[in-house]
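# Summary of the model geometry
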Amino acid sequence: MSERHETVIVGGGHAGLALSAHLSRRGREHVILERGRVGERWRSERWDSLMFQFPSWSLRLPGHEYRGSEPDGFASRDEVVAFIERYREIIRAPVRTGVRVTRVGPAGGGAFRLETTEGGLTAGNVVVATGPYQEPGLPPASRDLPVGVYQVHSSGYRNPAQLPPGAVLVVGSGASGCQIVEDLLAADRVVYLSVGRHRRFPRRYRGRDMFWWMDRMGTLDQTLEERPEARERPNPLVTGVGGGHEIDVRRYAADGVTLLGHLQAVDGSRLRLADDLEEQLARGDEGIAVFKRSVDAYITRSGLAAPDETEPYDVAPPRAARAAPIRELDLEAARITAVVWATGFRRDFAWIDLPVFDDKGEPIHRRGVTGCAGLYFLGLPWLHTLKSSVLCGVGDDAAHLAECIAARTRVPALRRS
């Protein structure tokens with residue numbers, strides 16, 4: 001007889017565990033299938049020195065919050081893993097680790113057939129909770145690098161010692177790229193940074209962390225209907241390293257980093273670079289002023305007591321320290337032996353054999369509910385609100401999907417012991 005479950009959750013990260021907690025509260029039978037270990041991407045696809053971008057008080061999942069001594073500090077990678085693992089133990093989540101789902105398709109009668117590395121099973125509901133960071137998003141230029149140049153995506157980078165001696169090119173100036181640049185600088189490596197789209201935020205403003213303001217002002221609860229332009233914006237560029245500090249890419253130049261425009265192509269050992277460094281830096285600065293003005297306006301409306309900010313936010317920052325635009329760079333002449341691709345991720349839903357995707361391969365859903373009855377998505381960016389994919393926000397969407405599953409399922413709920 002084929003194994004059957006009421007609900008199968010694919011993915012044992014914070015999203016899958018949050019849904020498990022809500023399903024258990026409702027007495028709904030389910031199982032979580034995780035390809036590796038609980039929180040696998042935090043364990044094996046993050047570098048050693050990574051720090052959580054947001055304060056530790058934002059580490060919360062349904063029924064469980066951070067209990068450490070430094071709520072305004074920033075958790076390390078291993079501390080985040082421990083938080084997620086502890087949550088799994090608290091909710092007694094029915095997780096099967098080391099099980100990869102290779103296909104999901106129709107099984108007839110409104111059910112689904114799942115093929116896995118441990119065999120097949122049938123489910124009345126399937127929830128895809130594999131997270132937003134699935135496959136490395138490598139640009140075409142990565143295929144054109146000389147064979148002798150070591151290259152690694154940010155998900156595979158661990159520490160500077162992993163890279164061969166010589167200079168390092170980091171491609172991408174988001175949170176990952178900038179943290180890796182700082183990691184390399186701390187190891188006295190020569191660094192080149194190809195700067196792309198980014199959006200700087202102040203780490204702290206008027207006495208509070210930027211994430212506290214976003215939470216307090218309701219920004220984290222805004223939907224795409226309210227902010228349709230937000231989907232195309234880069235994530236806020238902040239870091240929790242060293243107790244948390246503001247990132248200004250220009251300062252890297254003062255620390256010896258050679259700043260470059262975005263990488264256009266690779267021709268043999270030569271890189272072709274766009275003359276857009278100043279443009280990228282200027283666009284990245286726009287987020288600072290917009291954020292501070294919104295906080296100031298909120299303080300005025302609410303009458304909240306907050307210290308004044310002495311530094312004006314409309315003063316133009318200094319220009320990057322460089323003599324002329326670098327349009328071409330010879331890898332050998334620059335002694336660049338390694339490239340770190342901090343170029344983001346792409347979705348990988350090829351294993352879902354159901355008509356729920358648009359022409360770009362993105363799932364079609366409304367708050368995680370697809371047009372294929374019983375198939376759901378959870379933990380994706382902007383699934384419903386800005387905070388849908390982060391630890392402190394996924395629980396709201398998980399509660400919504402648990403209600404949908406309970407309403408759809410006609411069998412009686414299981415009794416909890």
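Being a predicted model, the structure only gives us computed values, none of them experimental. Think of each chain on its own: its residues are numbered from 1, step by step along the sequence as written. Totals for whole chains, interfaces and linings use every residue, but because this is a predicted model, local features are given only for residues with pLDDT of at least 70 and side-chain atom pairs only at 80 or more, for both listing and counting. Side-chain calculation: all heavy atoms of the structure are included, whereas hydrogens and water are not.

### Section: the sheet that holds strand 18 (residues 258-260)
- For two strands to be treated as a pair, DSSP must find at least two bridges joining them. The way it works is that DSSP assigns letters per residue, a run of H or I at least four long becomes a helix, a run of E at least two long becomes a strand, and they are numbered from the N terminus. As summarised here, the arrangement of the five strands in space is 10-22-11-12-18, forming an open sheet in which the pairing is parallel. With one partner strand each, in any of the chains shown, strand 10 (150-153) and strand 18 form the two edges of the open sheet. Adjacent strand axes in the sheet meet at a mean angle of 20°, parallel and antiparallel pairs treated alike.
- Summarising the sheet, strand 11 (residues 167-171) and strand 22 (residues 336-341) pair through five bridges and their orientation is parallel. Paired with A167 across the strands is I336, a residue of strand 22.
- By definition, residues are in contact when any of their heavy atoms lie within 4.5 Å. The angle between two axes is taken between their N-to-C directions and runs from 0 to 180 degrees, where each axis is a line fitted to C-alpha atoms and a helix contributes only its stretch in contact. Helix 4 (residues 175-186) contacts strand 11, strand 12 (191-194) and strand 22 of the sheet and is inclined by roughly 165° relative to strand 11.

### Focus on the environment of H198
- Residue placement: H198 occurs in the loop between strand 12 and strand 13 (199-200).
- When the C-alpha atoms of H198 and S176 are compared, they prove to be 11 Å apart, with 22 residues separating the residues in sequence.
- Those residues in contact with H198, other than ones at most four positions away along the chain, are S173, P234, L237, V249, Q280, L281, R283 and G284.
- Pairs of N or O atoms within 3.5 Å make up the polar contacts considered here, provided that, within protein, one atom can donate a hydrogen while the other can accept it, and that residues adjacent in sequence are counted only when both atoms are side-chain atoms. A polar side-chain atom of H198 sits 3.5 Å from a polar atom in the side chain of S173.
- In this structure the side chain of H198 is engaged in a polar contact, spanning 2.9 Å, whose partner is the backbone oxygen of G196.

### Notes on the confidence of the model for the chain
- Every residue carries a pLDDT, the predictor's confidence in it, which falls somewhere between 0 and 100. For the chain, the average pLDDT comes to 93, and 94% of its residues sit at 70 or higher.
- pLDDT under 50 marks residues 411-417. Its contacts with residues more than four places away, or in other chains, come to twelve contacts.

### Examining the packing of helix 1 (residues 14-25) against helix 8 (residues 394-408)
- Axis separation between helix 1 and helix 8 bottoms out at 8 Å; the angle between their running directions is 50°. With respect to their mutual orientation, helix 1 and helix 8 come out oblique. As for the relative orientation of helix 1 and helix 8, their crossing is right-handed in sense. Packed against helix 1, whose contacting residues are H14, A15, A18, L19, H22 and L23, the element helix 8 presents V394, G395, A398, A399, L401, A402 and I405 at the interface.
- Polarity classes work like this: nonpolar for Ala, Val, Leu, Ile, Met, Phe, Trp, Tyr, Cys and Pro, charged for Asp, Glu, Lys and Arg, and polar for all others, with Gly in that last group. Partitioning the contact of helix 1 with helix 8 into residue classes produces ten nonpolar, three polar and no charged. Geometric relationships in this document are graded by angle, where less than 35 degrees denotes roughly parallel, more than 145 denotes roughly antiparallel, 65 to 115 denotes roughly perpendicular, and other angles denote oblique. Note on convention: the crossing is left-handed when the near helix lies turned anticlockwise from the far helix by less than a right angle, right-handed when the turn is clockwise.

### Re the packing of aromatic side chains
- Only Phe, Tyr and Trp rings take part, Trp by its six-membered ring, and two of them pair if their centres are within 6.5 Å. Stacked means planes under 30 degrees apart, edge-to-face means over 60, and tilted covers everything else. All chains considered together, the criterion is met by eleven aromatic pairs.
- Summarising the aromatic geometry, the rings of F201 and F291 are spaced 5.0 Å apart at their centres and angled 45° between planes, so their arrangement reads as tilted. Of this pair, F201 sits in the loop between strand 13 and strand 14 (204-205) while F291 sits in helix 7 (residues 277-302), and the two are 90 residues apart along the sequence.
- Burial classes: relative accessible area under 20% of the type maximum marks a residue as buried, over 50% as exposed, and values in between as partly exposed (1.4 Å probe, protein chains only). When its relative accessible area of 6% is taken as the criterion, F201 is described as buried.

### Points about the pattern of salt bridges
- For salt bridges, the criterion is a side-chain nitrogen of Lys or Arg within 4 Å of an Asp or Glu carboxyl oxygen. A full pass over the atoms with the stated rule returns 29 salt bridges.
- E85 is the salt-bridge partner of R43, the closest N and O atoms lying 3.0 Å from each other. Placement of the pair is R43 in helix 2 (residues 40-44) and E85 in helix 3 (residues 77-91), with a sequence separation of 42 residues.
- Note that E328 is salt-bridged to R270, the shortest N-O span being 3.0 Å. Placement of the pair is E328 in strand 21 (residues 328-330) and R270 in strand 20 (residues 270-273), with a sequence separation of 58 residues.
- Looking at E328, the relative accessible area reads 46%, which means it is partly exposed.

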